[in-house]
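Fold and contact review
Chain by chain, the residues run as shown.
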Amino acid sequence: MKKLFLAGAALVAGAAMAPAMAQDVVLNVATAGSENMVDYVIDYLGPMFEETHPGVRVNVVGTGPGDAGSQAIFEKLSAQSAAGAAAWDIDVAVVHQKMGGNLVREGLLASYRDQVETGALVTSAAADNALGTDVSGYVIPMFHSQTAIAYNPLLVADAPATYADLVEWTTAHPRQFGYNGIKGGMSGVSFYMGWLYAMTDDAGQMMAGPYDASVAEGWSDALDGLKAFNENVTFTPGNAGTLDMLNRGEIAMGPVWVDMFYTWQADGRLSPDLKLKLIGPGMPGQPMYYVTPAKATNPDLAREFIELATSPQVQAEGIVQRFNWYPGIDASHIEDFMSPDAWAKLFADVTPEDLAANGKTFPIAEFFDLALENYERHVAQ
Amino acid sequence: MRSPSLIGLLLVTPALLLLAALFVYPLGFSLVSAFTVEGAGDGGDRFGLFNFVNAYELYATDIAFTVLIVGLSTALIGIFAVAIGGYLTLGEVGFAVALLRWLYRWPLFIPFIVAAQCMRTFLAKNGLMNNALSAAGLLEPLSAQSFLDWRGIVITFVWKQTPFVALLVAGAMASIDRSTIEAARNLGASRLRALIEIVVPQVHAILVVGLVLSFVTMMSVLSVPMMISGNTPTMMTVDMAFRINAYGDYGTANALGFISYLLTGAVAWIYLRRGVREGPP
C-alpha cells in the first residue's frame, strides 16, 4: 500500500516537473512549509538565480506545510534511492529540522557546506545538531524562527526575565498571562518545552539525547508546578489567538512566534506598542534547512543556488526584511546589508546576545512525544 | 421474473460498490485499527483494548464534556426551533412573521469554520458583543468576561444548527390541520399553550429527526471547539486530531472515534425505537 502510494506520489511529482524538460537546464527546488515559503522561492530567489544563470530555469515544488511537507520530500528521495536511480530529480530541498536529521541518517543528502563560500558564515548550533542527529556539513539554515514572550508595556512595566519570575508575576496578576496549551499550535508547545527546561535538570539530555523514558519520572514537581500555574493563566485559542487577545488587551503577556509577531505588527494587525522578551533559561525555536540530495541531477547548480540563498545580501533582504525571520547565517554578517532601522527593529527586543543565550532547540523527537504525553496525563487531567 | 430482478441487481450494484468502498471499508478499517496495537512487543500487531484504556485514561473528562456540550446544545436547539416554528405558525403580527421568516435561515448557509471564526472575535472579553453592550451602557467594561470556553461552543452550535431544525419543524407545523389550533384558541387556550399542547405533539417526530441529525453533526465538528476553546477540557474531535498530528497515533484516535459511534448510535437507537413504536410520522 505504502509502495503504491510512493509510486503515485512520484508519478504526480514527475508530471508536475515534466513541462520544464523543454528548457536546457532545470533546477528542481522542493520546499516544505507554508505558502509564503513557496512564494519566497518562486517570486524572489528563483528569478534572482535565473538572472545570473542564463539558460537555467528554477522549478519550485511546494510539498505542503508542517512536518508532512518534509515527509513528502523524504519519501520521494527514499523511493528514488530504493529504486536505484542514478540521478534524483530534486536538486535543492528546504526541510524542517526534524526531517533534516532523518535525511542525514538515511544517507540521502550530500555534504556540501565546505564547498560553498557561505558555509563559513554559519555559526548556529542548529547547523550541526538537528534534534540529536549530527548534521554538520549537510545543512545550512535558511532561517531561524524563535518563540518569545510578547507583552504589553502599558500593563507590564517590568517584564519577567525568567520562568521563575513569570510564575511569581502570574500569582500577582492572575489570568493576565495567556497561552494556547499544547493542542492549539506550536507557540504553546514551545512554552511548555521551555517550562520543562527551566524546571527540571534534563534540558541538555532532552535536546541532545540519549533518549531514556525514565527521565520523565523526575518531572513530577515541574508538572505539578505547571498545573498550579495553569490555574492562574488564560487559555487562548491558538497561536493567532494569543496575538489577538494581546492586541485586544485581554491578556498582558503570552508566548508567540517572533516572525509572526513582527509580520502582524508590520501589517497593522497588532499594536506597535507590544514588545518581546526571550525569557531565561530559554525557549525553543527551530530552523528550516537548505539541503541537496546525495544524487542531485545538478549538484553544482544546487550548490550555487544555496550559496546565493545564504549570501549575506539575500539573507538580509529576503529573510530578515521581507519575512521577519532571524537569519540562517551569523547575524553579524548581514548588518552591513540592512538599513540601521531594520537592524534595530529586528534586534530591539531580543538582542543577538539573548538569542545566543536563551534560544534553545526543541527536544529530540522521542523526548518531544514523551513531554506531550506527560502534559496530557498529569497537567491536563 | 428472473430477468427484471437481474436488471435490478445490476442497477443497484454501482451504488452498493460505492457504499462498500467509500463507507463500509473505511469504517471497518478504523474499527479494526481501534482494537489494534501496532508493533506491540515482538514487532507484530496485537489485538486488544489498549487504545481504549489510553483513551479513557487521558480523555474521560473530554468524553463527558463532549456529551454535555452536545446534549445541552441539542436541548437548546430544540427549544429555539420550536419557538421559531411556533411564532411562524401562530404569530399574528404579519410584519414580524415575515421578518423572522426571512432572517432565521441565514446561519444555514454559513460553514461551521466561518461561524467559529466570527464567534472568536464576537464573544471575546473585549470582543464585539461586550463592546456593544458596554457602549449601550448595559455592561460595566471591567465586569466583562470572555465567552471563549464551553459557553462559546454551545452558543456557536445553537446559532448554527437552530435554523436547520427550525426549517424542518416550521415546515411540519405549516402542514398540520389548522382547525386543531383554531379549536384550542376558540376554547380560550393561550398561544403558548396551543403550541405546547396542540402543535408540538403533532410535529414531534420531525423535531426528533432534526435533533438527532444535529446531534450527530455536532459530534463530528472539529473547527468550532478548535477555534473557540481547544484547551482542557475540550471536545473529542480535538483530541482525535491531536493524537494523529502530534503522535501519528491512529489507534487511540480511532478508539475515540469508536466511542463517538457508540454515542451517536445510542441516540439513533432511541429515535428508531420511538419510530417503530409509533409508526411513521
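Quick notes on the rules
- Residues numbered from 1 in each chain as written.
- Chains lettered and ligands numbered in written order.
- Predicted model: local features only at pLDDT ≥ 70, side-chain atom pairs only at ≥ 80, totals over all residues.
- Helix = DSSP H or I, 4+ residues; strand = E, 2+ residues; numbered from the N terminus.
- Rg over C-alpha atoms; globule rule 2.2 N^0.38 Å.
- Buried ≥ 20, exposed ≤ 12 C-beta atoms within 10 Å, placed from the backbone.
- Contact = placed C-beta atoms within 7 Å.
- Domains from an automatic or database assignment.
- Core = buried A, V, L, I, M, F, W, Y, C linked by C-beta atoms within 7 Å.
- Nonpolar A, V, L, I, M, F, W, Y, C, P; charged D, E, K, R; others polar.
- Pairing = 2+ DSSP bridges.
- Right-handed = clockwise from strand over helix to strand, strands pointing away.
- Axes fitted to C-alpha atoms, helices over the stretch in contact; angles between N-to-C directions.
- Left-handed = near helix turned anticlockwise from the far one by under 90°.
- pLDDT = per-residue confidence, 0-100.
- Parallel < 35°, antiparallel > 145°, perpendicular 65-115°, else oblique.

1. Section: the overall build of chain B
Helices and strands together make up the secondary structure of chain B, namely 11 helices and 2 strands. From first element to last, N terminus to C terminus, chain B shows the α and β order α-β-β-α-α-α-α-α-α-α-α-α-α. Here the C-alpha radius of gyration of chain B, 24 Å, is well above what a compact globule of 281 residues would show, namely 19 Å. C-alpha extents for chain B along the principal axes are approximately 75 × 75 × 30 Å. Counting every position in chain B, which comprises 281 residues, the buried fraction comes to 32%. In chain B, the share of contacts with a sequence separation of at least 24, taken over all contacts with a separation of at least 6, comes to 72%.

2. Thoughts on the domain arrangement of chain A
Residue and element names in this part refer to chain A. Assigned domains of chain A: these are domain 1 (2–144 + 286–349) and domain 2 (146–285 + 358–379). Between the C-alpha centres of domain 1 and domain 2 the distance comes to 29 Å. Counting residues at the interface gives 12 residues for domain 1, matched by 15 residues for domain 2.

3. With respect to the nonpolar core
Counting 170 residues, the largest nonpolar core has Val95(A), Leu196(A), Tyr290(A) and Val169(B) as its most contacted members. Sort the elements by how many residues they give to this core and helix H6 (residues 150–174) of chain B lands first, with 12 residues. Counting contributing residues, this core receives three or more from each of domain 1 (2–144 + 286–349) and domain 2 (146–285 + 358–379) of chain A. Those residues within four positions of Tyr290(A) in sequence are excluded, and the remaining contacts are Val92(A), Val94(A), Val139(A), Ile140(A), Met142(A), Ile306(A), Ala309(A) and Thr310(A).

4. Concerning the interface of chain A and chain B
Between chain A and chain B, the residue contacts involve 15 residues of the former and 18 residues of the latter. Of all elements in the fold, only helix H9 (238–247) and helix H15 (365–379) of chain A reach the threshold of two or more residues within the side of chain A that touches chain B. Per-element tally for the side of chain A that touches chain B: the top contributor is H15(A), with 4 residues. Residues belonging to the side of chain A that touches chain B are distributed by class as follows: 5 nonpolar, 4 polar and 6 charged.

5. Here we look at the pairing of strand S2 (residues 56–64) of chain A
All names here are of chain A. Looking at chain direction, strand S1 (residues 25–32) and S2 are connected through 8 bridges and run parallel. Paired with Leu 27 across the strands is Val 58, a residue of S2. In this view, the connection linking S1 to its parallel neighbour S2 by way of helix H2 (residues 35–52) has right-handed handedness.

6. Concerning the packing of helix H7 (residues 178–186) of chain B against helix H8 (residues 191–219) of chain B
Residue and element names in this part refer to chain B. Two elements in contact, H7 and H8, have axes separated by 10 Å at closest approach and are oriented at 145°. When you trace H7 past H8, the crossing you get is right-handed. Of H8, the residues touching H7 (which contributes Thr 180, Ile 181, Ala 184 and Arg 185) are Ala 194, Ile 198 and Val 199. Looking at the contact of H7 with H8, its residues break down into 5 nonpolar, 1 polar and 1 charged.

7. Section: the confidence of the model for chain B
Residues at a pLDDT of 70 or more form 94% of chain B, whose mean pLDDT is 88. Two numbers describe this predicted complex: its pTM, 0.82, and its ipTM, 0.81.

8. Regarding unusual backbone geometry
Residues and elements named next belong to chain A. For the bond running from Gly 209 to Pro 210, omega is 0°, close enough to zero to count as cis. Following the sequence through the fold, Pro 210 ends up in the loop between helix H7 (203–208) and helix H8 (220–231). Cis geometry is adopted by the peptide bond preceding Pro 281, which originates at Gly 280 and carries an omega value of 0°. Mapped onto the elements, Pro 281 comes out in the loop between strand S10 (275–277) and strand S11 (283–291). In this structure, Leu 131 is a non-glycine residue whose phi angle is positive, near 45°. You will see that Asn 324, though not glycine, has its phi angle at about 60°, which is positive. Residue classification places Asn 324 among the buried positions, given that 22 C-beta atoms sit within 10 Å.

9. Observations concerning the packing of helix H2 (residues 50–90) of chain B against H8(B)
Residue and element names in this part refer to chain B. H8 packs onto H2 with a crossing angle of 135° between their chain directions and a minimal axis gap of 8 Å. Regarding the angle of H2 to H8, the classification is oblique. Taken as a pair, H2 and H8 cross one another with a handedness that is right-handed. Together, Val 70, Ser 73, Thr 74, Ile 77, Gly 78, Ala 81, Val 82, Gly 86, Thr 89 and Leu 90 of H2 and Arg 191, Ala 194, Leu 195, Val 199, Val 200, Leu 207, Gly 210, Leu 211, Ser 214, Phe 215, Met 218 and Met 219 of H8 make up the contact between the two elements. Of the residues in the contact of H2 with H8, the class split is 14 nonpolar, 7 polar and 1 charged.

10. Digging into the environment of Thr171(A)
All names here are of chain A. In this structure, Thr 171 sits in helix H5 (residues 163–172). Of the residues examined, Thr 171 has 12 C-beta atoms within 10 Å and is grouped as exposed. Distance in space between the C-alpha atoms of Thr 171 and Ser 339 is 42 Å, their sequence separation being 168 residues.

11. Things to note about the confidence of the model for chain A
All names here are of chain A. The predicted model of chain A has a mean per-residue pLDDT of 88, with 94% of residues at 70 or higher. Averaged pLDDT values over the elements of chain A bottom out at 47 in helix H1 (residues 2–17) and peak at 96 in H5. pLDDT under 50 marks residues 1–23. Its contacts with residues more than four places away, or in other chains, come to 18 contacts.

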